[in-house]
Every structure is written in C-alpha cells, then in structure tokens.
Amino acid sequence: MVPYLLHWFEYNARILPWREEPQPYYVWISEIMLQQTRVEAVKALFERFIRELPDVRALAEVSEERLLKLWEGLGYYSRARNLKKAAQVVMERYGGRLPDTKEELLTLPGIGPYTAGAIASIAYGRVAAAVDGNVLRVMMRLRGSFEDITKDAVKRELAACLENVMPREKPGNFTQALMELGATVCLPNGKPLCEQCPIMHLCKAFHQGTELMLPVKPQKKARSIEWRTILVFQTPTGFLLHKREAKGLLAGLWELPNLEGRFGYEALEELLGMAGVKYRAISHMGPAKHIFSHIEWHMDGYRIELETGWRKEIACLEAQDGQAAQLVRLVKDSVEAAREELREVYSVPAAFDAYRSAIEKIN
Ligand code: SF4
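This one's a predicted model, so the numbers in the text were calculated from it and none came from an experiment.

Cut-offs used in this document
Residues numbered from 1 in each chain as written. Predicted model: local features only at pLDDT ≥ 70, side-chain atom pairs only at ≥ 80, totals over all residues. Heavy atoms only, no water. Helix = DSSP H or I, 4+ residues; strand = E, 2+ residues; numbered from the N terminus. Buried < 20%, exposed > 50% of the residue type's maximum accessible area, 1.4 Å probe, protein only. Contact = heavy atoms within 4.5 Å. Lys, Arg positive; Asp, Glu negative; His and termini not counted. Charge placed at Lys NZ, Arg CZ, Asp CG, Glu CD. pLDDT = per-residue confidence, 0-100. Phe/Tyr/Trp six-rings, centres within 6.5 Å; stacked < 30°, edge-to-face > 60°. Lys NZ or Arg CZ within 6 Å of the ring centre and 35° of its normal. Polar contact = N/O pair within 3.5 Å; in protein donor to acceptor, adjacent residues only side chain to side chain. Salt bridge = Lys/Arg side-chain N within 4 Å of Asp/Glu carboxyl O. Axes fitted to C-alpha atoms, helices over the stretch in contact; angles between N-to-C directions. Parallel < 35°, antiparallel > 145°, perpendicular 65-115°, else oblique. Nonpolar A, V, L, I, M, F, W, Y, C, P; charged D, E, K, R; others polar. Core = buried A, V, L, I, M, F, W, Y, C linked by side-chain atoms within 4.5 Å. Domains from an automatic or database assignment. Arc of directions from axis to C-beta. Pairing = 2+ DSSP bridges.

Draft legend 1. Here's a closer look at the overall build of the protein chain. Looking only at helices and strands, the protein chain features 18 helices and 7 strands. Overall, the protein chain is about 70 × 50 × 35 Å in size when its C-alpha atoms are taken along their principal axes. Expressed as a percentage of its 363 residues, the buried residues of the protein chain come to 50%. Taking the contacts inside the protein chain whose residues are at least 6 apart along the sequence as the reference set, 67% of them involve residues at least 24 apart. Distance between charge centres in the protein chain, computed from 48 positive and 47 negative side chains, equals 3 Å.

Set out below in structure tokens:
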C-alpha cells in the first residue's frame, strides 16, 4: 500500500497554505483549525491568523478578545483558547519551539493523539501515526473491517499498525497521503471515487462491495431543539451586545441579546413593557436556525429601536421577577457596539450570522 499512496500523493497533493512551508507552528495551527471545519473555509482564515500571529510568542501574548475575533468563522472556540494556553506553555517550557515528540506534544493543552501525530510526523519527520476520521475511513474500507471506529482500542490498534508500515524516510508524506486520500477520493456519505483510487486493487471493501457500509459507527443521538428569541436592540449609534457566561455553550463569547423560548410579536411587546424598556419601533426580522453538535437553535428575531435617551432609561430599570427580570439583566449587562466594531472587534459566533447579515442591511 505504501508506495502506491506515496506515488499518488506526489502528483495529487492539493496546494494548501500550510503545506508550502510545513513548519511545526503552521502544521499545529492548521490541524487544529481543520478539526470540524472544511479545508476551503480554513484556507483564508489560516492566512489571516498567521499574518497577525506569525509565531508561538505572538500567540502566547495575544489578548483573548483579539484571538476570538481571529477565530471567528471556525466555531468551537475552546480550541482557540487552548491554542493560546499551549503557546504559553511552549514559551515557558520549550523557549518558543514546539516539542518534537508525540509524547511531549500530548502534554500540551488541546493537543490529542491525532494532532500530536500530525505535528511529529509532518513537521519533524518522526514515525508517529495521526488517525483522524479520514484515515479511519480509508483504513476500515481497505481492510473491509466492520469494527466500531469510535472505540479507542480500534484507533490505538490502527495507529500501532500504521507506525509499523510508515516509511522511515519522510513519514509525514505518508501521513498526509492517507489524510488526502480520505479527503478527496475515499469520500464519506456513500461517495467514494474508487475508480480514481491508487489502492483500489488492495481494497477489501471495494472487492466485497461493502465500501458504502463502512466505516461503522454507532448512530448519534438526535439533537435536542431549543427555541431562542433574538433581540436586536438598535441604539442611535450601534447595537447592543451581551457577553455569555464563562461556562457552557459559546462560553464567554459576545452574542446578540436573546431569551429562551419563542415570543410572538404581542408577547414580546408585553414583556418589554413589563421590563420597562422604552422603544421607538419594533419589527420582526424572521426565523433562523443554527446546528451545534448536540443541539439545534431555532430562532426568531426582532429589531427593537431604542430612543436617544436609552442609556439613562436602562440604568434606571429595576429587576423584577421572571422573564422581565431576565430581560432587564440582559440589557443592563450589554455593551453598545458600532457596526464597524461588530465587524472588526467583537467576536460573535456563527449562530447569529443570519441576524448579523440583517444588521448590515439596516440603514
Ligand atoms: Fe476507498 Fe474505494 Fe479506495 Fe477502497 S477503493 S480505499 S473504498 S476509494
């Protein structure tokens, strides 16, 4: 299998910004970005990130606010926070140079066996396997194996097997070849392009006609659905933004103020009245949906235009009971962001994209 894969990779590797110069820092950042995000989406975000944070020191010193802004569009923001924590450890413990063994890399925050293997093999030429979803899919099909790929034991056995067969010279090319085959040929969801595959003649699943059944993983639990009402408070010079709690979903990120549940127009007017929030006009912005890994947000949004003296009025609001009190807390804890700041300064997660785009169109 190895020579066929390496030969194919030599002629079919995609040109990617982190491949041009596979230094450890670039491999690390790109591999973390590529978890849960498509290559095409990562390319531009990677280049922007590297332009502003070109090395481990810059990453260790960047403010959290700026880091999260640079991470916007990638989601799973804990990955960005872990990058910074790991960069600080690398500065303190290794003088700014990422360690070169899988074992040491594994001690850094946010680096698991896959990322450690990728950095060690691609950037440092070490014999270290990197088993991600692409590699698992290719290998299970190649072997015609019906083992459950979510099991750690299956991943460990596969990693050991790959480390046995990896070439001792340039093992990183083998790692990348397997990943690349999974990403571009041995595609998921019933679409492998077997006729373009360099290892088709060795592939058990292809010969047995089982490629569409593999790999095997248990069915995920259905996502729960949560309704949210998004409140786009417009002031004469900007929009209100609220910081989410430090723990839980979208922890510590800026959001458009929102309430749990679905409010009709009249119910919302009534709630605003109970909370004492005075407004000039209110208009319906329409529904939107965002899918997280375990939950779906079904949203409905309203634009609420506040009067010129909104700041003073909001400061005087008293917390009452229930949802009105929740609304009062929400507006009192919010900051005002000009449209430009919404674009350039505050990191607002993709869940609010539909309403952020609508904000851009407001005159
Ligand atoms: Fe995947 Fe088809 Fe190649 Fe087998 S022959 S590894 S199923 S693309």
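Draft legend 2. Expanded view of the confidence of the model for the protein chain. In this model, the protein chain carries an average pLDDT of 93, and 99% of its residues clear a pLDDT of 70 or more. Helix α5 (residues 56-61) holds the highest mean pLDDT among the elements of the protein chain, 98, whereas helix α15 (residues 310-316) holds the lowest, 77.

Draft legend 3. A look at the packing of aromatic side chains. All told, the structure shown has 9 aromatic pairs when counted by the stated rule. Look at Tyr25 and Tyr26: their rings are 6.3 Å apart centre to centre, the planes differ by 50°, and that puts the pair in the tilted class. On the basis of relative accessibility, which here comes to 15%, the residue Tyr26 falls in the buried class. An angle of 90° between the planes, with centres 5.9 Å apart, marks the rings of Tyr26 and Phe46 as edge-to-face. Within this pair, whereas Tyr26 is found in helix α3 (residues 24-34), its partner Phe46 is found in helix α4 (residues 39-52), the two being separated by 20 residues in sequence. Taken as a pair, Tyr26 and Phe46 share a single burial class, namely buried. Residue placement shows Arg228 over the ring face of Trp297; its charged tip is 5.3 Å from the ring centre.

Draft legend 4. Just the side chain of Arg141, in detail. Locating Arg141 in the fold gives a position in helix α10 (residues 133-143). For Arg141, the side chain forms a polar contact with the main-chain oxygen of Leu214, separated by 3.0 Å. Contact partners of Arg141, with chain neighbours within four places excluded, come to Cys186, Leu187, Pro188, Pro192, Cys203, Lys204, Ala205, Glu211, Leu214 and Pro215.

Draft legend 5. Broad picture of the pattern of salt bridges. If you walk through the whole model with that rule in mind, you get 19 salt bridges. A salt bridge links Glu72 to Arg356, with the shortest nitrogen-to-oxygen separation between them at 3.5 Å. In this pair, Glu72 is assigned in the loop between α6 (64-71) and α7 (78-94) and Arg356 in helix α18 (residues 353-361), connecting sequence segments 284 residues apart. Of the residues examined, Glu72 reaches a relative accessible area of 16% and is grouped as buried.

Draft legend 6. Here's a closer look at the packing of α10 against helix α11 (residues 152-165). Two elements in contact, α10 and α11, have axes whose closest approach is 12 Å; the angle formed by their N-to-C orientations is 80°. Judged by the angle between their axes, α10 and α11 are roughly perpendicular. Of the residues in α11, those touching α10 at Val135, Leu136, Met139, Met140 and Arg143 are Val154, Lys155, Glu157, Leu158, Cys161 and Leu162. Looking at side-chain class alone, the contact of α10 with α11 contains 8 nonpolar, no polar and 3 charged residues.

Draft legend 7. Layout of the nonpolar core. Counting residues in hydrophobic clusters, the biggest one holds 98 residues, and the most contacted among them are Tyr25, Trp28, Ile29, Phe49 and Leu59. Of the residues forming this core, the biggest block, 7 residues, is contributed by α3. Both domain 1 (2-208) and domain 2 (224-361) contribute no fewer than three residues apiece to this core. Ranked by size, the runner-up nonpolar core spans 22 residues in total, among them Leu240, Leu271, Trp310 and Leu317.

Draft legend 8. Focus on helix α14 (residues 265-275). What α14 keeps buried is the set Leu268, Leu271, Leu272 and Ala275. Taken down its axis, α14 places every buried residue within 100° of arc, on the same side. Facing away from the buried side of α14, by more than 90 degrees, are the exposed residues Glu266, Glu270 and Gly273. Here the buried face of α14 lies against β1 (224-234), β4 (258-260), β5 (279-291), β6 (295-306) and α16 (322-332).

Draft legend 9. Quick peek at the environment of Ala325. Here Ala325 is to be found in helix α16. The sequence separation of Ala325 and Met274 amounts to 51 residues, and the corresponding C-alpha distance is 8.9 Å.

Draft legend 10. Structural detail: the packing of helix α1 (residues 2-12) against helix α12 (residues 171-184). In contact at an axis separation of 9 Å, α1 and α12 are set at 75° when each is read in the N-to-C sense. The pairing of α1 with α12 is recorded here as roughly perpendicular in orientation. The residues of α12 that touch α1, namely those facing Val2, Leu5, Leu6, Trp8, Phe9 and Asn12, are Asn173, Phe174, Gln176, Ala177, Leu178, Glu180, Leu181 and Thr184. Here the residues of the contact of α1 with α12 are counted per class, giving 9 nonpolar, 4 polar and 1 charged.

Draft legend 11. View of the pairing of β6. For β6, the tally of buried residues reaches 12 of 12 residues, placing the bulk of the element in the interior. Burial of the side chains of β6 extends over both faces: Ile295, Trp297, Met299, Gly301, Arg303 and Glu305 are buried on one face and Glu296, His298, Asp300, Tyr302, Ile304 and Leu306 on the other. The pairing of β1 with β6 spans 11 bridges and is classified as parallel. Paired with Ser224 across the strands is Ile295, a residue of β6. Both β5 and β6 contribute to a ladder of 11 bridges, which runs antiparallel. Bridge pairing in β6 links His290 to Trp297. Remark: 3 residues form the turn of the hairpin made by β5 and β6, two consecutive strands paired antiparallel.

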